[in-house]
Amino acid sequence: TFSFRVQIKVMASSAAKVKGHWLWNDPDHGGFTKFDPATSQQLENALQGAIHAGKTGEISVLLSEGDFFGSAKNKGLYECKIDVDCSDKSKPVIKSAVQINNKTTYKRQIARKPPLTHGKQSESNLTASWQWKDDYGWKDYDEKTM
């Protein structure tokens, strides 16, 4: 008698340790668009500081880096508010994140990739393998057989 199974392994999440990049919701282009590298780094630095401090609550970042947000007319005009729970530094969570135009009060969603969300596993944290069982125990299929 032979049995077959797929074994799924969850790898430890390292999203908090991986340098993230930030995106803003761009309805004109049907989804999220990356912030320029300098602005993304400004947001990531604020997040990493919150993780290091074990902060829970809102992080406020007045955008001042990059060509757009660092220009004289836009510097300090836009602010990002990121609600975090970093009480467990090994599993920080971003609860919500928005960018606000302080002049018009217009808000748009922003996001980090890879995300830091509680209870969800990124596909990159999962591995799968096919196995079969004979009288001696479970055996992995090799790539050639699969």
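About the criteria used
Residues numbered from 1 in each chain as written. Predicted model: local features only at pLDDT ≥ 70, side-chain atom pairs only at ≥ 80, totals over all residues. Heavy atoms only, no water. Core = buried A, V, L, I, M, F, W, Y, C linked by side-chain atoms within 4.5 Å. Buried < 20%, exposed > 50% of the residue type's maximum accessible area, 1.4 Å probe, protein only. Helix = DSSP H or I, 4+ residues; strand = E, 2+ residues; numbered from the N terminus. Contact = heavy atoms within 4.5 Å. Expected span 1.5 Å × (residues − 1). Phe/Tyr/Trp six-rings, centres within 6.5 Å; stacked < 30°, edge-to-face > 60°. Pairing = 2+ DSSP bridges.

**Brief notes about the nonpolar core**
- By size, the foremost hydrophobic cluster in this structure holds 19 residues, and its most contacted members are Trp22, Leu43, Leu63, Ile82, Val84, Ile94 and Ile110.
- Those elements that provide at least two residues to this core are α1 (37–53), β4 (56–62), β5 (78–85) and β6 (93–101).
- Once you skip the residues sitting within four places of it in the chain, Val84 turns out to touch Leu47, Ala50, Lys55, Thr56, Gly57, Ile59, Val93 and Ile94.

**Regarding α1**
- An ideal rise of 1.5 Å per residue puts 24 Å on 17 residues; α1 measures up with 24 Å between its terminal C-alpha atoms.
- Residues Thr39, Ser40, Gln42, Leu43, Glu44, Leu47, Ala50 and Ile51 constitute the buried set of α1.
- For α1, the elements touching its buried residues are β2 (21–26), β4, α2 (66–69), β5, β6 and β7 (107–113).
- Note on α1: the residue one or two positions beyond its end, Gly54, has a positive phi of about 70 degrees.

**Thoughts on the environment of Lys81**
- Summarising the element assignment, Lys81 is placed in strand β5.
- Relative accessible area serves as the criterion here: at 24%, Lys81 is assigned to the partly exposed category.
- Spatially, the C-alpha atom of Lys81 lies 5.6 Å from that of Ile59, the residues being 22 residues apart in sequence.
- If we skip the residues at most four places from it in the chain, Lys81 touches Glu58, Ile59, Ser60, Ser96, Ala97, Val98 and Ile100.

**Regarding the packing of aromatic side chains**
- Across all of its chains, the model carries four aromatic pairs by this definition.
- With centroids separated by 5.9 Å and ring planes inclined at 50 degrees, the aromatic side chains of Phe35 and Phe69 adopt a geometry described as tilted. One end of the pair, Phe35, is in the loop between β3 (31–34) and α1; the other, Phe69, is in helix α2, and 34 residues separate them in sequence.
- Taken together, a centroid distance of 5.0 Å and an interplanar angle of 90 degrees make the contact between Phe68 and Phe69 edge-to-face.
- Put simply, the rings of Phe35, Phe68, Phe69 and Tyr78 pair up and form one aromatic cluster.

**A word on the pairing of β5**
- Relative to β5, β4 runs antiparallel, the two sharing seven bridges. Residue pairing for β5: Thr56 is matched across the bridge by Asp85.
- Here β5 runs beside β6; their pairing, made up of eight bridges, is antiparallel. By the bridge assignment for β6, Asp83 is matched with Ser96.

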